[in-house]
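Results of the structural survey
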Amino acid sequence: MSSRSITVTINGEAVTREVEDRTLLVHFVREDAALTGTHIGCDTTSCGACTVLLEGVAVKSCTAFAVQAHGKSVETIEGMADADGTLHPLQEGFWEKHGLQCGYCTPGMIMSAKHLLEKNPNPTEEEIRWGISGNLCRCTGYNKIVEAIQYAAEKINSQSAENVGRNEDEAAAQQEVTP
Amino acid sequence: MIPGSFTYHAPTTMDDALALLGSLGEDAKILAGGQSLIPAMRFRLAVPEHLIDIGGLEGLDYLREEGGFLCIGAMTRESALDDSPLVQQRYPLLADTARVIADPLVRNLATVGGNIAHADPANDHPATMLAYGATVIARGPRGERTIAIDDFFTDLFENALADDEILTEVRIPQPHGQPGAGDGGAYLKIERKVGDYAISAVAVNLRVSAGIVTHARIGLTNVSPVPLRATGAEQALIGKAPSDEVFEAAGQAAAGECDPSPDLRGSVAYKRDLTRVLTKRAVGKAVERATSPEAQAGGAA
């Protein structure tokens, strides 16, 4: 049995553990880091319930070894809300639009959607359906999930537009005082 | 569903990786994207004693046109093909293929080199690379060598690489001109659901010059024990003016020369007929792309 010490930065926090080489990333996240929001659905690389962001990229954590994540960053559903409990726009979207029933696929859906919106902030409905096609939901029929992601995209875009507006106002104010 | 025990190796240079492979021999497997190997290990279909992870090697992740070829580094992720304007604009067959391999999450880790080296007739790149007439670059202790794709797939899950060699690059010949100026390709796949292997899929790459098909190569996915080049279907096209009758003849030739197995995805008769229909449609689409600058890849699959 071969094992080694690895350090993975999960949701900004360095987690160092001794693991067997064969430990899957999803087991490291759930059992070693005790973050059980990431689910195991199928164990066959089919369902996407175990989706996490590895170096910002959505991957199935049942289909990577923990040792491959050594020195890298992982983001899970537990890292989405702010420290004060304010939900991420995607979490808010799933809440507002009833994007879940049993909730089992939801963490994976949200992590896939986060990567999708980072690559494509204004996806069409078809692009959203394409983007989550690696995540299976057995309850909703997907319509409410698509609406939740559309809600989040609009909210994120309006927030960044506000920030741009504010920055422009500040820049204009600075220019006025510059002789 | 826990893989068997193994020892993990993470070399940081190609020389170290080759030295490890040389000393560990057939007890070792190369870990690239892991999207076929890790599932196989979870099912204990593969129980390697050593894994050599080439994910940490520099300079295996690139897409560039050079010396008349599109050169694809072995560790290039499938998602990079999807994101590449170069691939989307100039390599419609490759662009089609990259959109239907497994699902988006798998494509974020899966690599082009791994898809080919795995030599699974159900994988999508083998047929596509057969249609392109690609060249595989391998590196070993004796240096680098090139292997024509026609000689690469030797048996079910078997390839022409020696035990001490690593696939480092795949080269696809560049199209002659701009999109629509004579070169065209297409990949059509029918699968039960997103993420499943093909029931059948057809890769076509061809050239139309002065109204005549002057070059055609066709690869078939998952309808034979070894990735198959449909030379009979190619011959039905070459020297002919494109027409529905010619496309149908190519489809019938492909249906005759494939060798599918009956399984949960369908009977032999069904898979042969599906191969006929997909070949006919893929050839038609490739001709359209070869002759019309507007009819290129991208957009909905």
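Keep in mind the model is a prediction, meaning the values are calculated, not measured.

**Here we look at the overall build of chain B**
Secondary structure summary: chain B contains eleven helices and 14 strands in total. For 301 residues, the compact-globule estimate of 2.2 N^0.38 gives 19 Å, and chain B sits close to it at 19 Å. Across its three principal axes, chain B shows a C-alpha extent of roughly 55 × 45 × 35 Å. For chain B, the proportion of its 301 residues judged to be buried stands at 56%. Across chain B, contacts joining residues at least 24 apart in sequence account for 64% of those joining residues at least 6 apart. Of the roughly 11700 Å² of accessible surface on chain B, 50% is carried by carbon and sulfur atoms.

**Overview of the interface of chain B and chain A**
Taken together, the contact pairs 32 residues of chain B with 32 residues of chain A. Together chain B and chain A conceal approximately 2600 Å² of surface at their shared face, both sides included; 61% is due to carbon and sulfur atoms. Our count for the chain B to chain A interface comes out at two salt bridges. One salt bridge in this structure joins Lys119(A) and Asp83(B), with 3.0 Å as the shortest N-O distance. The tally of links from chain B across to chain A stands at eleven residue pairs in polar contact (both at pLDDT 80 or more). Among the elements of the structure, β1 (7–9), α2 (37–42), β3 (50–53) and α6 (104–107) of chain B are those that each provide at least two residues to the side of chain B that touches chain A. Residue composition of the side of chain B that touches chain A, grouped by class: 19 nonpolar, six polar and seven charged.

**Thoughts on the domain arrangement of chain B**
When its domains are assigned, chain B resolves into domain 1 (7–53), domain 2 (63–173) and domain 3 (183–290). Just the C-alpha atoms count here: the centres of domain 1 of chain B and domain 3 of chain B sit 35 Å apart.

**Overview of the pairing of strand β12 (residues 198–209) of chain B**
Residues and elements named next belong to chain B. Among the twelve residues in β12, ten count as buried, and that is most of the element. Looking at chain direction, strand β11 (residues 183–191) and β12 are connected through nine bridges and run antiparallel. When the bridges of β12 are listed, Glu 191 appears paired with Ala 198. Once β11 ends, the chain turns through six residues before running back antiparallel as β12, passing Gly 195 with a positive phi of about 100 degrees. Where β12 folds back onto strand β13 (residues 212–221) in an antiparallel hairpin, the turn is made up of two residues, including Ala 210, whose phi is positive at roughly 50 degrees.

**Looking at the sheet that holds strand β10 (residues 166–173) of chain B**
All names here are of chain B. Strand order in the open sheet formed by five strands is β4-β5-β10-β6-β7, with antiparallel pairing between adjacent strands. Bordering the open sheet on either side are β4 (63–66) and β7 (143–148), each of which pairs with just one other strand. For this sheet, the mean inter-axis angle between neighbouring strands, taken without regard to orientation, is 25 degrees. Sheet topology places strand β5 (residues 69–73) next to β10; five bridges connect them, and they run antiparallel. Its bridge partner lying in β10, Ile 72 is registered against Val 170. Docked against the sheet, helix α1 (residues 14–24) engages β6 (135–140) and β10, running at close to 120 degrees with respect to β10.

**A word on the packing of helix α5 (residues 92–100) of chain B against helix α8 (residues 125–132) of chain B**
All names here are of chain B. α8 packs onto α5 with a crossing angle of 180 degrees between their chain directions and a minimal axis gap of 10 Å. On the basis of the axis angle, α5 is roughly antiparallel to α8. Here Pro 92, Leu 93, Leu 94 and Thr 97 of α5 come into contact with α8, specifically with His 125, Thr 128, Met 129, Ala 131 and Tyr 132.

**Some details on the pattern of salt bridges**
For the structure shown, the criterion picks out 29 salt bridges over all chains. What emerges from the salt-bridge pattern is a single network uniting Asp150(B), Arg217(B), Arg229(B) and Glu234(B).

What counts and what doesn't
Residues numbered from 1 in each chain as written. Chains lettered and ligands numbered in written order. Predicted model: local features only at pLDDT ≥ 70, side-chain atom pairs only at ≥ 80, totals over all residues. Heavy atoms only, no water. Helix = DSSP H or I, 4+ residues; strand = E, 2+ residues; numbered from the N terminus. Rg over C-alpha atoms; globule rule 2.2 N^0.38 Å. Buried < 20%, exposed > 50% of the residue type's maximum accessible area, 1.4 Å probe, protein only. Contact = heavy atoms within 4.5 Å. Areas by Shrake-Rupley, 256 points an atom, 1.4 Å probe, with all protein chains shown as cover. Buried area = accessible area lost by both parts, 1.4 Å probe. Salt bridge = Lys/Arg side-chain N within 4 Å of Asp/Glu carboxyl O. Polar contact = N/O pair within 3.5 Å; in protein donor to acceptor, adjacent residues only side chain to side chain. Nonpolar A, V, L, I, M, F, W, Y, C, P; charged D, E, K, R; others polar. Domains from an automatic or database assignment. Pairing = 2+ DSSP bridges. Axes fitted to C-alpha atoms, helices over the stretch in contact; angles between N-to-C directions. Parallel < 35°, antiparallel > 145°, perpendicular 65-115°, else oblique.

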